[in-house]
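Structural features, examined
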Amino acid sequence: MMALRRKTKIYSRYEIAVINFYTTCIWLLPIVLLVTYAFELDRKLNIDAFILWLAGGVLIVTVFGTLGLLWRRDHLKRRVKPVYRTEYLYLIFVTAFGVLGFCVLYDYAGGDRAYIANILVVLSAVLIYVLLRLGRKFYNTDYMKKK
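Figured I'd write up the structure that's included with this text.

The rules behind the values
Residues numbered from 1 in each chain as written. Predicted model: local features only at pLDDT ≥ 70, side-chain atom pairs only at ≥ 80, totals over all residues. Heavy atoms only, no water. Helix = DSSP H or I, 4+ residues; strand = E, 2+ residues; numbered from the N terminus. Buried < 20%, exposed > 50% of the residue type's maximum accessible area, 1.4 Å probe, protein only. Axes fitted to C-alpha atoms, helices over the stretch in contact; angles between N-to-C directions. Left-handed = near helix turned anticlockwise from the far one by under 90°. Patch = residues over 30% accessible without salt bridge, like charges linked within 9 Å, V, L, I, M, F, W, Y side chains within 5 Å. Areas by Shrake-Rupley, 256 points an atom, 1.4 Å probe, with all protein chains shown as cover. Salt bridge = Lys/Arg side-chain N within 4 Å of Asp/Glu carboxyl O. Lys, Arg positive; Asp, Glu negative; His and termini not counted. Charge placed at Lys NZ, Arg CZ, Asp CG, Glu CD. Parallel < 35°, antiparallel > 145°, perpendicular 65-115°, else oblique. Contact = heavy atoms within 4.5 Å. Nonpolar A, V, L, I, M, F, W, Y, C, P; charged D, E, K, R; others polar.

Observations regarding unusual backbone geometry
Despite not being glycine, glutamate 40 shows a phi value in the positive range, around 55°. Examined against the element boundaries, glutamate 40 turns out to sit in the loop between α1 (13-38) and α2 (47-71). You can call glutamate 40 partly exposed: its relative accessible area is 44%. Phi angles above zero are rare outside glycine, and asparagine 140 is one such case at about 55°. Tracing the chain through its elements places asparagine 140 in the segment after α5 (116-137). Residue classification places asparagine 140 among the buried positions, given a relative accessible area of 18%.

Dropping the structure here:
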């Protein structure tokens, strides 16, 4: 008897754009803090006020981006690709830099630096699992499958 193959649903560009946009918005504050940490801009800035203004800016970007996604929803729903490999790689890079930025945010918040490696390992393991599941379900890329 033939084994039945599970049909994979192909999602539109709108669903992929929503996932990528909101992931970028979630990780935008830590990514900007990572840049400030890398270039030592935190020594020249009041970091608490900068984080507050940055959070407000991220909120504004999120609102306008949501309106833009809603504006182009009909157009994006009609566009479909069988595999979203470049969008998935974008998601991986944003998440990777976001995790590093989260560790910088933890440091700026006054957390003990001895625990940064522990946080980095646990957060990375959880996010790798989530990214692999997202890649299999929405992006039609399965990096765990043998070829």
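Back to the text.
Here's the deal with the packing of α1 against helix α4 (residues 85-108)
Running from amino to carboxyl end, α1 crosses α4 at an angle of 35°, the nearest separation of the two axes being 7 Å. Two packed elements cross with a definite hand, and for α1 against α4 that hand is left-handed.

Quick look at a positive patch on the surface
Together, Lys9, Arg73, Lys77, Arg133 and Lys137 give the surface a local cluster of positive charge. Sorting the residues of the positive patch by element identifies α3 (73-77) and α5 as the ones contributing at least two each. Among the structural elements, arginine 133 can be located in helix α5. On the accessibility criterion, arginine 133 (48% relative accessible area) is partly exposed.

Some points on the pattern of salt bridges
Per the stated rule, a full pass over the model turns up 5 salt bridges. Between glutamate 87 and lysine 81 there is a salt bridge whose closest N-O contact spans 3.3 Å. Taking the shortest distance from any N to any O, the salt bridge between arginine 113 and aspartate 107 comes out at 2.8 Å. For arginine 113, a relative accessible area of 54% puts it in the exposed group. Owing to a relative accessible area of 15%, aspartate 107 belongs among the buried residues under this scheme. Because the salt bridges share partners, they merge into one network encompassing Arg13, Lys81 and Glu87.

Observations concerning the packing of α1 against α2
Contact pair α1 / α2: the axes reach a minimum separation of 10 Å and the direction vectors enclose 165°. Classed by the angle they form, the pair α1 and α2 counts as roughly antiparallel. Crossing handedness for the pair α1 and α2: right-handed. Across the interface between the two elements, Tyr14, Ala17, Val18, Phe21, Tyr22, Cys25, Leu28, Leu29, Val32, Leu33 and Thr36 of α1 pack against Ile47, Phe50, Ile51, Leu54, Ala55, Val58, Val61, Thr62, Gly65, Thr66, Leu69 and Leu70 of α2. Each residue belonging to the contact of α1 with α2 can be placed in one class, and the counts come to 19 nonpolar, 4 polar and no charged.

Observations regarding the environment of leucine 29
Of note, leucine 29 is situated in helix α1. When the C-alpha atoms of leucine 29 and valine 58 are compared, they prove to be 6.9 Å apart, with 29 residues separating the residues in sequence. Sequence-distant contacts of leucine 29, that is, excluding residues within four places in its chain, are made with Ile51, Leu54, Ala55, Val58 and Leu105.

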